[in-house]
Structure formats: C-alpha cells, structure tokens
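Architecture at a glance
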Amino acid sequence: MNVILLGPPGSGKGTQGAILARRLKVPKIDMGELLSDAVRRSTEAGRQAKEYMDGGSPVPDEIILRLVEEQLASADAAQGVILDGFPRSIRQAEAVDRMLAVDGMGARVVLLFDVPEEELVHRLLAKASAEHRSDESPETIRRRLDAYRMSTAPLVGYYRELGVLTIVSGTGTEDEVAEEVERAVGE
Ligand code: AMP
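Residues numbered from 1 in each chain as written. Predicted model: local features only at pLDDT ≥ 70, side-chain atom pairs only at ≥ 80, totals over all residues. Heavy atoms only, no water.

Comments concerning the sheet that holds strand 3 (residues 82–84)
The pairing of strands in a sheet happens through backbone hydrogen bonds and is either parallel or antiparallel. Strand order in this open sheet of 5 strands is 2-3-1-4-5, and the pairing throughout is parallel. Looking at strand neighbours, the two that pair on one side only are strand 2 (28–30) and strand 5 (165–169), the edges of this open sheet. Each adjacent strand pair in this sheet contributes to an overall mean axis angle of 25°, direction not counted. In this sheet, strand 4 (residues 108–114) lies alongside strand 1 (residues 2–6) in parallel orientation, the contact comprising 5 bridges. Paired with Ile4 across the bridge in strand 4 is Val110. (Pairing = 2+ DSSP bridges. Helix = DSSP H or I, 4+ residues; strand = E, 2+ residues; numbered from the N terminus. Axes fitted to C-alpha atoms, helices over the stretch in contact; angles between N-to-C directions.)

Quick word on the site of the ligand
Taken together, Met31, Gly32, Leu35, Met53, Ser57, Pro58, Val59, Ile64, Gly85, Phe86, Arg88 and Gln92 form the complete shell of residues around the ligand. Within the contact set of the ligand, a nitrogen atom lies 3.0 Å away from a backbone nitrogen or oxygen of Val59. Within the contact set of the ligand, an oxygen atom lies 2.4 Å away from a side-chain nitrogen or oxygen of Arg88. Surface burial for the ligand is 74%, taken as the share of its 480 Å² of free accessible area covered by protein chains. Among the elements that make up the shell around the ligand, the one with the highest residue count is helix 2 (residues 31–40) (3 residues). Its residues assigned to classes, the shell around the ligand comprises 7 nonpolar, 4 polar and 1 charged. (Near = heavy atom within 4 Å. Polar contact = N/O pair within 3.5 Å; in protein donor to acceptor, adjacent residues only side chain to side chain. Areas by Shrake-Rupley, 256 points an atom, 1.4 Å probe, with all protein chains shown as cover. Nonpolar A, V, L, I, M, F, W, Y, C, P; charged D, E, K, R; others polar.)

Focus on the packing of helix 3 (residues 44–54) against helix 4 (residues 61–73)
Put simply, helix 3 and helix 4 touch, their axes get as near as 10 Å, and they point 145° apart. Considering only the axes of helix 3 and helix 4, their crossing is left-handed. Here Ala45, Gln48 and Ala49 of helix 3 lie close against helix 4, whose contacting residues are Ile63, Arg66 and Leu67. When the residues that make up the contact of helix 3 with helix 4 are grouped by side-chain class, the tally is 4 nonpolar, 1 polar and 1 charged. (Left-handed = near helix turned anticlockwise from the far one by under 90°. Contact = heavy atoms within 4.5 Å.)

Digging into helix 4
Taking 1.5 Å of rise per residue, the 13 residues of helix 4 would be expected to cover 18 Å, and the 18 Å separating its terminal C-alpha atoms lies within 8% of that figure. Listed in full, the buried residues belonging to helix 4 are Asp61, Ile63, Ile64, Leu65, Leu67, Val68 and Leu72. (Expected span 1.5 Å × (residues − 1). Buried < 20%, exposed > 50% of the residue type's maximum accessible area, 1.4 Å probe, protein only.)

What about helix 6 (residues 117–130)?
Given a rise of 1.5 Å per residue, 14 residues ought to cover 20 Å, and the 20 Å separating the end C-alpha atoms of helix 6 matches this to within 8%. All of the buried residues along helix 6 are Leu120, Val121, Leu124 and Ala128. All buried residues of helix 6 fall inside an arc of 100° around its axis, so they share one side. Opposite the buried face of helix 6, by more than 90 degrees, sit the exposed residues Glu118, His122 and Ala130. Contacts made by the buried residues of helix 6 are with helix 7 (138–162). (Arc of directions from axis to C-beta.)

Things to note about a negative patch on the surface
On the surface, a cluster of negative charge is made up of Glu174, Asp175, Glu176 and Glu179. Relative to the assigned elements, Glu176 resides in helix 8 (residues 174–185). (Patch = residues over 30% accessible without salt bridge, like charges linked within 9 Å, V, L, I, M, F, W, Y side chains within 5 Å. Salt bridge = Lys/Arg side-chain N within 4 Å of Asp/Glu carboxyl O. Lys, Arg positive; Asp, Glu negative; His and termini not counted. Charge placed at Lys NZ, Arg CZ, Asp CG, Glu CD.)

Quick look at the pairing of strand 4
For strand 4, a buried count of 6 out of 7 residues is recorded, marking the element as mostly surrounded by other parts of the structure. In this sheet, strand 5 lies alongside strand 4 in parallel orientation, the contact comprising 5 bridges. Bridged to Leu111 within strand 5 is Thr166.

Scope: geometric values only; no functional claims are made or implied.
Written as structure tokens, this is what we have:
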C-alpha cells in the first residue's frame with residue numbers, strides 16, 4: 001500500500017503519516033527531512049540541493065526524483081511507502097506513478113488533509129510561540145499557506161481526475177483523524 005499525503009503546513013499530515021507508518025509497518029519518506037539530511041551529510045544531491053533550499057525555492061525535479069528512486073529501491077519499501085512533501089508538482093506526480101508501476105508496487109491512496117485557514121493560522125502561531133520563535137506572524141503564515149495552495153492545487157485536480165483522492169477532515173482530535181485515515185486507507 002502506497003499513501004501520498006497532501007495538506008498545508010499545520011494540517012497534521014506529518015503526525016498522521018507517522019501513526020499510519022507504524023500501523024502499516026511501511027516507511028514514511030519525508031522529502032524535507034530527506035533533503036536536510038542529504039545537505040547535512042554533504043552528499044552530491046545535498047550539495048546540489050542546498051542553494052535552492054537556502055533560497056526557499058523548489059529543488060529541481062532531477063535531484064528530487066533521484067532521491068525518491070533510491071528510497072523506493074530500498075528493501076524497507078517493498079511493502080509500500082508513505083510519501084510526505086512529495087510529489088509537489090504534476091511532473092513529480094507523473095514520475096512517482098511511473099516508478100510505482102515499474103516496481104509493481106501498485107496502487108496508491110492520496111489523502112488531502114482539510115483544515116480551515118483560520119484554524120491553520122491559529123495552530124501555526126501557537127506552535128511558533130511554544131518554540132519561542134518570533135519570526136511567524138499571521139501575515140507570514142498566510143503567505144506560506146498561499147504558496148502551498150498555488151503549488152498543490154494542480155495536484156489535487158490531477159488525483160481527483162484519476163479518482164484516487166480522499167479528503168480527510170483534519171479538525172478532530174488526533175485519534176479521530178487517525179480513525180478517518182484508517183477508513184480512507186481501508187487496511
Ligand atoms: P519542507 O521541509 O517540506 O518545507 O521542505 C523544505 C525545502 O525542501 C523546500 O523549501 C524546498 O526547497 C525543498 N523541497 C521539499 N520537498 C520538495 C519537493 N517535492 N520538490 C522540490 N523541492 C522540495
């Protein structure tokens with residue numbers, strides 16, 4: 001079973017992805033973490049990705065796809081994967097579909113975590129305050145949410161057309177959302 005997580009910052013997809021990964025016993029691939037790790041270890045991909053990440057712009061597909069391919073080829077991923085932060089563009093989505101088909105890894109479920117904007121702003125401000133970060137304001141958060149929507153909207157359309165998109169309401173308690181995820185994944 002392969003699961004692709006889509007959702008804005010603050011929607012809880014990282015937390016729910018970790019719960020699901022434990023339950024299904026498959027690895028969760030977090031693209032942001034994978035990239036930061038490559039930068040820290042100064043691998044070739046990390047050195048190439050660094051300048052883009054420092055500038056806050058998307059890392060080129062060629063680097064991203066190489067990293068994903070490596071992960072999917074690992075023995076851990078034989079029973080499936082949970083993808084978080086990837087794909088972020090139609091091109092990446094098409095590439096992952098090809099990779100899964102070639103590897104015979106089969107179907108994927110795409111979950112879109114839906115949380116109203118006001119609630120996201122509230123959660124992200126609370127998180128920044130708990131972490132003693134003063135860099136977040138309602139305006140910077142709204143800008144990040146706008147950027148997310150711009151980049152993800154085409155993906156939502158892509159998966160909806162393929163009939164594999166399930167919308168999960170991300171506003172309940174952690175357990176309630178986890179139950180909804182379980183129903184959507186059907187395993
Ligand atoms: P995140 O931790 O998800 O916010 O990602 C941090 C940074 O990694 C982003 O600002 C991008 O530069 C890069 N990145 C993460 N995922 C992707 C992706 N799927 N495609 C391109 N760049 C990505």
